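The residues making up each chain are set out below.
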Amino acid sequence: MLPDFSEYNWVIPDFVWELSEQIDLDKLAKALPEMEEIAKLLPDLDKIQENFSFFKSLLSSGVSLVSEVKGASGLHLLLGCVTISLTLLCYLNLQSSDKEKIDQLQEELLRTQLKYQRMLERLEKENKELRKVVLQKDDKGIHQRKVKKSLIDMYSEVLDILSDYDANYNTQDHLPRVVVVGDQSSGKTSVLEMIAQARIFPRGSGEMMTRSPVKVTLSEGPHHVAMFKDSGREFDLTKEDDLAALRREIELRMRKSVKEGQTVSSETISLNVKGPGIPRMVLVDLPGVISTVTAGMASDTKETIFKMSKAYMQNPNAIILCIQDGSVDAERSIVTDLVSQMDPHGKRTIFVLTKVDLAEKNLASPSRIQQIVEGKLFPMKALGYFAVVTGKGNSGESIDSIKDYEEDFFQNSRLLRDGRLKPHQVTTKNLSLAVSDCFWKMVRESVEQQADVFKASRFNLETEWKNNYPRLRELDRNELYEKAKNEILDEVISLSQVTPQHWESILQKKLWERVSTHVIENIYLPAAQTMDSGTFNTTVDIKLKQWTDKQLPHKALEVAWETLQEEFARFMAEYKGKDQDDIFDKLKEAVKEESIKRHKWNERAMDSLRVIQHNALEDRSITDKPQWDAAIQFMEETLHSRLKDTESVIRDMVGPDWKQRWLNWKNRTPEQHIRNETKNELERLLKLHDDHTAYLANDEVTTVRKNLEGRGVEVDPVLIKDTWHQLYRRHFLQNALSHCNLCKRGFYYYQRHFVDSELECNDVVLFWRIQRMLVITANTLRQQLTNTEVRRLEKNVKEVLDDFGEDMERKTHLITGRRVQLAEDLTAVKTDFFLESRNTGTFSVFQYLVIRNVKCHIDS
């Protein structure tokens, strides 16, 4: 009969089990003839040699497949070939009178196995170096992709959070982790260091060094580093100084965690170790189990360690890594009895025999080691049994030297050559692979158990949704984002539907509002105060040229950009009235602001606009009477607006008039009283000199001041000039309006170039030039908007939406509220928790739900 491998199915490669499903080996065994008949078929060793050649070719084919199948799959494939070869060879139970020949064949088979094992190790080492290079490139940002948090790191965070809850509320979780237990000085910490590939733990000769649980999260990374959960410092594990500092820090934390009067602590120290080729798992190193309390220890140390170990091992999903010192008598072990109590059937225990080199040297009977590794000596059961060597006992040994020593020992050991140990049962490398596989299988099973816990939560969430949002679909944050994205893009597309007339009307109005002050104050008023029409036109031409060269194109583009923003905001506001979901308001505002921030107007637009505006302002030919009338109307409206503003300024200067003082009971301030007296005096001066220039002469200022002092009013010359400026401005605008009214009949004189006419309307021509420039500029800006800038804004919006879509933190901030959280919870509880265990997004759902479940337990 074939041996029962049911308890070792995590060790035997999947290839073997798939083959066993296709071939019924038990039926094959029954169908085979007796050994005497087989001996007749194989009368000499040449036939045996042919069979061995077949097995050898099978192994060779496995190696060739390994070169094509990378990583763990190739390793399993090769081990499958080896296992099949060994199983069939043992099954045939070859017998021959030539015993020496058989021994030679067995030795050759063993050498072949070791040869391929070394080949696999070499290939894995090369693969590790290549992965390190790739991870370093990604770490430097060469691939320009956002690296997500690894699955094992997220799982470790869950354990940290639950550990904090456990410390405060005594809540037990059933999440898997590898619990490392063993007798004191059994090599427990050394095994863990071999798995982590660094000497990270403090050590002492016979002294208890592990005084509190140390949770070590192993994960793959470009650099071999370690970091504590609550610290940002990275320890480079390739440098001896950093290793020494890390060991000192761990020892210091352990001593700080121990309360006064105690020897050990239950406070967990969390450490992350990353490096190329490191298996992903979470291990908890516990203080070693002791049999006697020695001097200097607290009296309850033994019971405390037992209680702590039981607390970790009683988790039904914890994998127990039981470490046994092979160099001492098995009867002296305490931990095996403790493990057998917590896991009597051995369904989650892996047994590790350390210091096998000393055991082989000291034990008189090698079969003793074979009994231990086969599980026949101890009362405990286990999933698998491993034998390892963790160095020569020198604390200064490096990990590489220990690995070399371990490989050399097993290659030369009689234990392996005599078949007392199987190749897959030796070395810490095979141990770490087996523990990692077992850990992740347990994680999958644990997640499936957690799924049942959330069924009640799902029912409660669905009931809350139906009561609060009966007419809405359950859209999570990502789905809501996609809906908002489509709405925003629709609103941007609406910009292309704005009519040309609407664009030009808005642009012309806003541009005149922006430049009207400059036109009146810096062009029209200085030119109008000249003595003749020639000087007026020359002044206007010079100032228009300067304005066009320096300021006007820039102002026009500012107006166009502001108009585009306002229209974009207007469409978004109008769309909001069409049953829009207000949950998108923050997102849309953020998208609008970011898109506008990224938008840059076409650089060449300003140069072309400057040429167009310059040509428009140079034209003085008014072709018909309607254009003349339109210019006069434009001039009247502008002057009326300025006159109204000026009168308002004067009223504020002099205070309320007599009606307001009598009817509204208002009084002038002392400054307003002085201003009013100054205004009256200056108005008398204007009546006497109706054609006065824009500025007061010094003697006129002195005369006004003397007149006011004669009436008991002390006034400053600066105040006189300031008041004069506003009064003259009002006087000038009133005269300009009267002149504008006269020019309504002046188109005939304009056509004759004002020859032999006392009426000159050059100011009307100026306003016509300004008005024409506004129309042409608005038309040009409208073309730039509709042909280029609206499309570029749409492109910016799409880019912003894509960037926001990849930034989960920003989406969480912009789309929030109870409705979103409730939909997220519903999505989470409906997720198949571990169908995509490699997907960190799926695992984050599991992470959230586990913690949420613990919180609910605490609240209840």
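Residues numbered from 1 in each chain as written. Predicted model: local features only at pLDDT ≥ 70, side-chain atom pairs only at ≥ 80, totals over all residues. Heavy atoms only, no water.

- If you look the protein chain up in an unreviewed UniProt entry, it shows as Dynamin-like GTPase OPA1, mitochondrial from Takifugu rubripes.
- Under the Catalytic activity (unreviewed entry) heading, UniProt states for the protein chain: "GTP + H2O = GDP + phosphate + H(+)".
- According to the UniProt record, the Subunit (unreviewed entry) comment for the protein chain reads "Oligomeric complex consisting of membrane-bound and soluble forms of OPA1." (UniProt positions renumbered as here; feature names shortened; annotations may be inferred.)

### Some words on the side chain of Thr 428
Then, number 1: By the element assignment, Thr 428 lies in helix α16 (residues 428-453).
Then, number 2: The contact partners of Thr 428, leaving out residues within four places of it in the chain, are Met 194, Val 388 and Glu 406. (Helix = DSSP H or I, 4+ residues; strand = E, 2+ residues; numbered from the N terminus. Contact = heavy atoms within 4.5 Å.)

### So, the pattern of salt bridges
Then, number 1: Taken as a whole and assessed by the stated rule, the structure comprises 39 salt bridges.
Then, number 2: Lys 588 serves as the salt-bridge partner of Glu 487, at 2.9 Å between the closest nitrogen and oxygen. Taken together, the residues span a long stretch of sequence, with Glu 487 in helix α18 (residues 477-494) and Lys 588 in helix α22 (residues 585-598) at a distance of 101 residues.
Then, number 3: According to the relative accessible area criterion, Glu 487 is buried, its value standing at 10%.
Then, number 4: According to the relative accessible area criterion, Lys 588 is buried, its value standing at 4%.
Then, number 5: A salt bridge links Arg 729 to Glu 521; the shortest N-O distance between them is 2.1 Å. In this pair, Arg 729 sits in helix α28 (residues 717-742) while Glu 521 sits in helix α19 (residues 500-528), placing the two residues 208 residues apart along the sequence. (Salt bridge = Lys/Arg side-chain N within 4 Å of Asp/Glu carboxyl O. Buried < 20%, exposed > 50% of the residue type's maximum accessible area, 1.4 Å probe, protein only.)

### Focus on the packing of aromatic side chains
Then, number 1: With the rule as written, the count across this model stands at 13 aromatic pairs.
Then, number 2: Linked through ring pairs, Trp 512, Tyr 524, Phe 634, Phe 732 and Phe 767 together constitute an aromatic cluster.
Then, number 3: In this structure, Arg 253 packs its charged tip against the face of Phe 228, placed 4.0 Å from the ring centre.
Then, number 4: Over the ring of Tyr 481 we find Lys 811; its NZ or CZ atom is 5.3 Å from the centre of that ring. (Phe/Tyr/Trp six-rings, centres within 6.5 Å; stacked < 30°, edge-to-face > 60°. Lys NZ or Arg CZ within 6 Å of the ring centre and 35° of its normal.)

### Concerning the packing of helix α10 (residues 301-313) against helix α11 (residues 335-342)
Then, number 1: Interaxial distance between α10 and α11 falls to 10 Å at its minimum, and their mutual angle equals 40 degrees. The angle between α10 and α11 falls in the class oblique. The chirality of how α10 crosses α11 is right-handed. Of α11, the residues touching α10 (which contributes Phe 306, Ser 309, Lys 310 and Met 313) are Leu 338, Val 339, Gln 341 and Met 342.
Then, number 2: A per-class count over the contact of α10 with α11 returns five nonpolar, two polar and one charged. (Axes fitted to C-alpha atoms, helices over the stretch in contact; angles between N-to-C directions. Parallel < 35°, antiparallel > 145°, perpendicular 65-115°, else oblique. Left-handed = near helix turned anticlockwise from the far one by under 90°. Nonpolar A, V, L, I, M, F, W, Y, C, P; charged D, E, K, R; others polar.)

### Here we look at the environment of Val 273
Then, number 1: Structurally, Val 273 is set in strand β5 (residues 269-275).
Then, number 2: Look at Val 273 and you get buried, because its relative accessible area is 0%.
Then, number 3: In this structure, the C-alpha to C-alpha distance between Val 273 and Val 225, residues 48 residues apart in sequence, is 5.9 Å.
Then, number 4: Excluding residues that lie within four positions of it along the chain, Val 273 makes contacts with Ala 196, Ile 200, Val 216, Thr 217, Leu 218, Ser 219, His 224, Val 225, Ala 226, Leu 237 and Ile 278.

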